[in-house]
Amino acid sequence: MRIKKKQGPLGWAATILLALYCLIAIFLIGNLILSSFKTKMDLVYNTFGFPKSFTLGNYYKVLITDDFIRYFYNSIVITSLSIISLLAVSSMAAYGIARYKFKGKSIVEMYFLLGLMFPIQIAILPIFIILRNMHLLNTYSGMILLYTANLAFPVFIFSQFFRDLPKALHESALMDGAGEFRIFSQIMMPLSRPVIFTVALISFVQIWNDFYLPLVFLTKRSIRTVTLGIYHYLSNFLAYWNYVFAAASIALVPIIIIFFIFSDQIIAGLVTGSLKE
Amino acid sequence: MQSKKSYILFILPGFTIYTVFMIIPLFFAVYYSFFSWAGIGPKVFIGLGNFKKIFFDSQIAPVFKNAIKNNFVYMAIALFVFIPVQILLAYLIHKKIRGYSFFKLVIFLPFVISSTIVGFFSLLVFDPNIGFLNTFLESLHLTSLTSSWFGDPKKAFYLLTGVIGWQGIGVGMVIILANMKGIPEEVVEASIIDGANEWVRFWRIILPFLKPALINVIILSSIYALTQFDLPYIIGGPTGGLDGAMDFINLFFYRYTFGDSYYGQTAIGFGASISVVAFSIILFIAILQNTLLKKILHRD
């Protein structure tokens, strides 16, 4: 049915309902960002309008006085290093599984897939004890290790990609005398750029926004992430609400920008990862 | 022939870190659950003592039952309300109603927003004193409709369910949508020629085609329902709101393991037993759904 049909009344009703529904998100996000530039007085008397007097005071208080610049730095370090380590480890594992034949291959594959079924929360307590014994509580390394260990999803996406690459590619490179790791790093990795990018995007969204692992493992103030910082404001919401707008904007704006530029890749990646058949 | 074995070197780093931090902890949780242990100091073997406490202790058992009941009620809402809505949304977008690409983007958008920010939004909208909703209702002179929202145990759970749904509904929608796109054009066109109307076409052709995808969405949604933590914790607090209206098994677990009784008597051992119970329930539901749904899939 390529013919563009006229939309019937039922269709228009759906359009209007969905438009109203979408207004919720747009209003909340727009209001969040606008409110972050308002003084507390302005917020109380002019809750929904444009800021009467544009102020950066909330950002100053949040970033400098309340150390969000530190939390922002923590979030960036943890997120970026975790993504790099996750990409390296999971692409290699997927490559090993997808490109080689060996005994027990399907068992290894199933073993990695198990992690898709069980969220990391289930094992959080023994993980806590392991990290404590390794003195990795309240450290970047501890968080990076955990986010890297949560690799079922990227392994799954990478192995689908590597499986579909032509075998001849690998064989001809071997003939040319390239070693296995050279083939991997100089031929396979450049080819898998789109997959790397997709995995990196999805991991970015997940790790940047993560609440549970930081809540359990980052109890020291100096190593808090932005999400955790916002949570601590929320526990005394009424006292800080003008600051939460600024803090939440700091956390939200990078994500929103990335989402609007790369939504297709993010959505396609999630969809691929959900199809196990 | 060295290259034959190099797969081991590729797999090993991932295998090790995954085994140490994801798989072995599952077994340790089972092991700890048989002990009375504060996390430091001596472990005392108490057999099934922790489990007896969860199910029969007069203080703890009712809290546990309330939390697990909330998980299951939420799961029922996810399966019988959210999934049909996700199918409908996907279908509307698939049909390319006016504004469909914008709708797809904005319906999905809350999923990339951190739970702490979604929690903040909920407070902004539903706060009894300064919340948008009460302010709005008052401005319309509908004061009788104002409410304390999350402060009302009767409403809190359903509101929370709505907020969680708002954040996550786009995921199932895009998965279903992607599968609708895989429906062969000829099949749809043939049904149009046969004179099947839209309603019949949806039930007879589109829905049956989506079965495998729906099975995945059902299982993913159920696991998600049984592991709820972020929004209930952020909105309802560690105690799960007034009268435990927003309590869930993961919050219950968190309170005993990392919460106030952190340095208490039996925190770690007892916490482990809660996570073993939660894990068993998830495993049971996942296996049950897998077998039941696969049977339905292969029956016709």
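Residues numbered from 1 in each chain as written. Chains lettered and ligands numbered in written order. Predicted model: local features only at pLDDT ≥ 70, side-chain atom pairs only at ≥ 80, totals over all residues. Heavy atoms only, no water.

(A) Just the domain arrangement of chain A, in detail. Residue and element names in this part refer to chain A. We note that the domain assignment places domain 1 (9-57) and domain 2 (66-274) within chain A. Counting residues at the interface gives nine residues for domain 1 and 11 residues for domain 2. Carbon and sulfur atoms make up 77% of the surface buried where domain 1 meets domain 2, a total of about 880 Å² over both sides. Together, Leu32, Lys40 and Leu43 form the three largest contributors to the area buried by domain 1 at its contact with domain 2, with a combined 54%. Inspection of the domain 1/domain 2 interface yields zero salt bridges. Here domain 1 and domain 2 share one residue pair in polar contact (both at pLDDT 80 or more) between them. Within the residue set of the side of domain 1 that touches domain 2, elements represented by two or more residues are helix H1 (9-35) and helix H2 (40-45). Among the residues forming the side of domain 1 that touches domain 2, the class breakdown is five nonpolar, three polar and one charged. (Domains from an automatic or database assignment. Contact = heavy atoms within 4.5 Å. Buried area = accessible area lost by both parts, 1.4 Å probe. Salt bridge = Lys/Arg side-chain N within 4 Å of Asp/Glu carboxyl O. Polar contact = N/O pair within 3.5 Å; in protein donor to acceptor, adjacent residues only side chain to side chain. Helix = DSSP H or I, 4+ residues; strand = E, 2+ residues; numbered from the N terminus. Nonpolar A, V, L, I, M, F, W, Y, C, P; charged D, E, K, R; others polar.)

(B) How the structure looks around the packing of aromatic side chains. Under the criterion given, the structure shown has 64 aromatic pairs over all chains. One aromatic cluster is present, formed by Tyr95(A), Tyr100(A), Phe102(A), Phe158(A), Phe161(A), Phe162(A), Phe181(A), Phe184(A), Tyr7(B) and Phe10(B) through successive ring pairs. Stacked on the ring of Phe270(B), the Lys or Arg Lys53(B) has its end atom at 5.1 Å from the ring centre. Lying over the aromatic face of Trp149(B), Lys155(B) brings its terminal NZ or CZ to 5.3 Å of the ring centre. (Phe/Tyr/Trp six-rings, centres within 6.5 Å; stacked < 30°, edge-to-face > 60°. Lys NZ or Arg CZ within 6 Å of the ring centre and 35° of its normal.)

(C) Layout of the side chain of Ser90(A). With respect to the helices and strands, the residue Ser90(A) is situated in helix H4 (residues 68-99). Setting aside residues no more than four positions away along its own chain, Ser90(A) makes contact with Leu151(A), Pro154(A), Val155(A) and Phe158(A).

(D) Broad picture of the nonpolar core. Residue and element names in this part refer to chain A. Within the largest apolar cluster, 209 residues are counted, with the highest numbers of intra-cluster contacts made by Phe162, Phe217 and Ile230. At 18 residues, helix H14 (residues 237-274) tops the list of elements feeding residues into this core. Two domains each donate at least three residues to this core, and these are domain 1 (9-57) and domain 2 (66-274). Ignoring sequence-local partners within four residues, the contact set of Phe162 consists of Ser91, Ala94, Tyr95, Ala98, Arg99, Phe184, Met188, Met189 and Ser192. (Core = buried A, V, L, I, M, F, W, Y, C linked by side-chain atoms within 4.5 Å. Buried < 20%, exposed > 50% of the residue type's maximum accessible area, 1.4 Å probe, protein only.)

(E) Helix H7 (residues 153-180) of chain B, seen in detail. Residues and elements named next belong to chain B. Taking 1.5 Å as the rise per residue, H7 with 28 residues should run 40 Å; its terminal C-alpha atoms sit 40 Å apart, in good agreement. A large share of H7 lies buried, amounting to 22 of its 28 residues. The N-terminus of H7 is capped by Asp152, whose side-chain oxygen sits 2.9 Å from the backbone nitrogen of Lys154. (Expected span 1.5 Å × (residues − 1).)

(F) A look at the pattern of salt bridges. All names here are of chain B. According to the stated counting rule, one finds five salt bridges over all chains in the structure shown. For the salt bridge of Glu198 with Lys95, the shortest nitrogen-to-oxygen distance reads 2.9 Å. Here the residue Glu198 occupies a position in helix H9 (residues 198-226), and Lys95 occupies one in the loop between helix H3 (60-94) and helix H4 (100-108), the gap between them amounting to 103 residues. The class of Glu198 is partly exposed, set by a relative accessible area of 35%. Where Lys155 meets Asp152, a salt bridge forms, and the shortest distance between an N and an O atom there is 3.8 Å. For Lys155, a relative accessible area of 35% translates into the label partly exposed.

(G) Layout of empty space enclosed by the protein. Under the defined criterion, the tally for this structure stands at five cavities of 30 Å³ or more. Taken as a whole, the second largest cavity holds about 70 Å³ of empty space. The wall of the second largest cavity is formed by Leu114(A), Gly115(A), Phe118(A), Pro119(A), Ile120(A), Ile122(A), Ala123(A), Met22(B), Ile23(B) and Leu26(B). Residue assignment for the lining of the second largest cavity shows that the elements contributing at least two residues are helix H5 (105-117) of chain A together with helix H1 (6-32) of chain B. Grouping the constituent residues of the lining of the second largest cavity by class yields nine nonpolar, one polar and no charged. (1 Å grid on protein atoms, 1.4 Å probe; cavity = no way out; pocket = protein on both sides within 12 Å on 5 of 7 lines; lining within 4 Å. Points joined across faces, edges and corners; volume = space filled by probe spheres on them.)

(H) Spatial organisation of the interface of chain B and chain A. Opposite the 85 residues of chain B that make contact, chain A presents 91 residues. Together, the buried faces of chain B and chain A total about 8300 Å²; carbon and sulfur atoms form 80% of this surface. Broken down residue by residue, the surface that chain B buries against chain A is led by Phe10(B), Tyr18(B) and Phe21(B), which jointly contribute 10%. Where chain B packs against chain A, one counts zero salt bridges. On inspection of chain B and its partner chain A, the count reaches 10 residue pairs in polar contact (both at pLDDT 80 or more). Partitioning the side of chain B that touches chain A into residue classes produces 61 nonpolar, 15 polar and nine charged.

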